[in-house]
Amino acid sequence: MNSNARSRILDRLQSASRSGGGYVPELERSWHAAPVKPSERVELLKQRMELVRTEVRMARQDNWGVLLGELLASRRIQTVAYGAEAWFGDGLRRMVRNDNPLELLPYAADIEEFRDTLFNVEAGITGTRGGIAENGTLILWPDAVEPRLLSLVPPIHIALLRADAIYATLEEAMREMGWGAEMPSNALLISGPSKTADIEMTLAFGVHGPKELIVIVIE
Amino acid sequence: MPKHSTFDFKAHARAALADGLMRANVRSALDGLRAKRLAVFPDADELEVMRKQAEFSKRRALVRLPELLEQLERKCSENGIIVHWAETKEEGNAIVLDIMRAHGATRLVKGKSMVSEEMHLNAFLQEHGIEALETDLGEFIIQLNNEPPSHIIVPAVHKNRQQIGKIFHDRLGTPFIEDVEKLNAIARTILREKFRNAEVGLSGVNFAVAETGTLVLVENEGNGRMCTTVPPVHIALMGLEKVIEKLDDLPPLLRLLTGSATGQRVTTYVNFISSPRKEGEKDGPREVHLVILDNGRSSMLADHELRHTLQCIRCGTCLNHCPVYVRIGGHAYGSTYPGPIGSILMPQLDGLKEKGELAVASSLCGACEEVCPVRIPIPAILRRLREESNEPAGTGVVLDNGCSRSMLEVAAWKGWQMLNTSPRLYAFALRFLGRFGHLLPAVGPLKAWTNVRTKPHFARKSLQQLAREEGVRHE
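Residues numbered from 1 in each chain as written. Chains lettered and ligands numbered in written order. Predicted model: local features only at pLDDT ≥ 70, side-chain atom pairs only at ≥ 80, totals over all residues. Heavy atoms only, no water.

## Structural notes on the sheet that holds strand S4 (residues 200-203) of chain B
Residues and elements named next belong to chain B.
Consideration 1: The sheet built from six strands is open, its strands ordered S1-S10-S7-S4-S2-S3 with parallel pairing. The outermost strands of the open sheet, each flanked by one partner alone, are strand S1 (81-86) and strand S3 (131-134). Strand-to-strand twist of the sheet, defined as the mean angle between neighbouring strand axes without regard to direction, takes the value 20°.
Consideration 2: Pairing geometry for S4 and strand S7 (residues 233-239), over four bridges, is parallel. Each residue of the ladder has a partner; that of Ser-203, found in S7, is Ala-236.
Consideration 3: The strands touched by helix H4 (residues 65-79) are S1, S7 and strand S10 (287-293); relative to S1, the strand with the most contacts, the crossing angle is about 145°. (Pairing = 2+ DSSP bridges. Helix = DSSP H or I, 4+ residues; strand = E, 2+ residues; numbered from the N terminus. Axes fitted to C-alpha atoms, helices over the stretch in contact; angles between N-to-C directions. Contact = heavy atoms within 4.5 Å.)

The following block contains the structure:
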């Protein structure tokens, strides 16, 4: 049935393409999102993300760990899931040694085994591939080291973003990162915590995904 | 109007107009959505350039549709996504059921998919002993109440918080509350357990990129990501018009989709799925299936005018701007897709006999075309469908064309033609109307007209006559 459906649909589309005509005139102008100067990218990303209740904190290469520790302590977070081999893994483990009640849970097994743990942790920490200033967006390409659900299941998502990886627009990000040549199994654009306005258009945060998104921008 | 139709749009519309609460709920939500859309596109010139580009991308994709679908299939297969083709709703439903059965699965969690509504998938699966659970908050609410969505983006737009609190209380046994945050929290708690234990997840597709074999899904809640990531099997449903050529087409399409739909610059999540879980990866579905549904779409492509229907990206902004939809809400349309887009889509999907009346549910004010992000000429297609209903059967291309043709109406227009082409007859008719016009009984179409309008008064003398008697006084 299936292969017949396929050939019948394609046959119909072929003949429809002949009778339906198909000249599409070239565009006179094409649209590109407004450019953003490199010096203004961090600020714009911060502004846009704060508009959708994202906490954006600035840090340096040598002190993001301290800031992260403070953020976790101020929320009394005790369990954190992360990718053990992520670039910040060592820093995270070092931080915990000084600053103890925290339990770090590496996402090291398949979800079938890790599921119950993951659904019960308080926060997930991930790196990012970059950011997009125009819309206040994080770019994540989850992989074996940092799986897809780290940024979705825990009620708090903390993302580390390098300031020099903030692109002006989605178009620029796609071009410079080489999207298309080799798409990862999953790519994500994340612009804020989970939200809904399905009841009376009243905006509420944290419906299925994280209730809080915290971005640490490392300059 | 065709008498054999089982769907009585006028009765539905009258009932909706009498429902003050529903009208107030819809009105306040849509007023808000229109204002937000306007705010997110502050530069009208830029919006025009963007719309033209989006239209261009979609039209060019339609010109190359068969070839792009084959490319999409090839790329998806290379990436490990299993592609299925369904000519009809029944075939689509059967494919989903077969996949569920192959895994011995009885629990399905669903992200938002209008194609699944079009297929009536939930009812079909329930008949076969499968729980199909909607997880988008709006869809979850109306599923609890056994209703179809009344808006393609905001499914529960016709309900207010008190009504939703009542639904939760009645169906879930929670204490009655009307606090939106708390209602959301209830849904979150229930659905997280469902996500955790689901066997198969289902989603729609906003854009399918042929160049890379990538499915693009846009959402705010995270339920779509849950459905496509947690369960071991993911089934994506798409109408065959969702394919686009390349990733480069996306930036304006995404900006227009989210801006037009909800007035946002961007949604919380844009999810690009190109393959199931790869070797070494720790999560994501082990199997991804893509079901490509035709269900009448291929025949729209065959007509140079009707094919524009397939440009639609389902943003719902034509609903929000339609003076008819705003007043009667979505259920009155009795159709999967309501509003202006539904009025051009449903008659083509279900035939003019069943849904041709929807093409008349418009004042042809043109607002829908003006706001459409891909510039679909909706009013022109509405007129075309009206014509197809009334022209002799066999001269049109849409199912049941000619079904509303009435000999009385044909005769009336014939008479009108004679009247206007014979000066003597015309002059006689004018004198007759001037004298006896006020006596015309309000029956038939005249009654329908005068029900809500004052009956016209005919002048005793025609303009021509006056001019002849008095001369032209003003140069």
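## Some words on the pairing of S10(B)
All names here are of chain B.
Consideration 1: Judged by how many residues are buried, S10 sits mostly within the fold: six of seven residues are covered.
Consideration 2: Here S1 pairs with S10 via six bridges, running parallel. Opposite Ala-86, over in S10, you have Leu-293 as the bridge partner.
Consideration 3: Pairing between S7 and S10: seven bridges, direction parallel. Bridged to Gly-239 within S10 is Leu-293. (Buried < 20%, exposed > 50% of the residue type's maximum accessible area, 1.4 Å probe, protein only.)

## Comments concerning the packing of helix H16 (residues 339-350) of chain B against helix H19 (residues 378-390) of chain B
Residues and elements named next belong to chain B.
Consideration 1: Interaxial distance between H16 and H19 falls to 10 Å at its minimum, and their mutual angle equals 40°. The chirality of how H16 crosses H19 is left-handed. The residues of H19 that touch H16, namely those facing Pro-340, Ser-343, Ile-344, Pro-347 and Gln-348, are Ile-378, Ile-381, Leu-382 and Leu-385.
Consideration 2: Classifying every residue of the contact of H16 with H19 gives seven nonpolar, two polar and no charged. (Left-handed = near helix turned anticlockwise from the far one by under 90°. Nonpolar A, V, L, I, M, F, W, Y, C, P; charged D, E, K, R; others polar.)

## Digging into the environment of B:Ala467
Residue and element names in this part refer to chain B.
Consideration 1: Inspection of the secondary structure puts Ala-467 in helix H23 (residues 463-470).
Consideration 2: You can call Ala-467 partly exposed: its relative accessible area is 35%.
Consideration 3: Sequence-wise, Ala-467 and Arg-64 are 403 residues apart; in three dimensions their C-alpha atoms are separated by 61 Å.

## So, a nonpolar patch on the surface
All names here are of chain B.
Consideration 1: On the surface, Met-418, Leu-425, Phe-428, Phe-432, Phe-436 and Leu-439 cluster together to form a nonpolar patch covering roughly 600 Å² of accessible area.
Consideration 2: Relative to the assigned elements, Phe-432 resides in helix H21 (residues 423-436).
Consideration 3: By relative accessible area, Phe-432 is classed as partly exposed at 40%. (Patch = residues over 30% accessible without salt bridge, like charges linked within 9 Å, V, L, I, M, F, W, Y side chains within 5 Å. Areas by Shrake-Rupley, 256 points an atom, 1.4 Å probe, with all protein chains shown as cover. Salt bridge = Lys/Arg side-chain N within 4 Å of Asp/Glu carboxyl O.)

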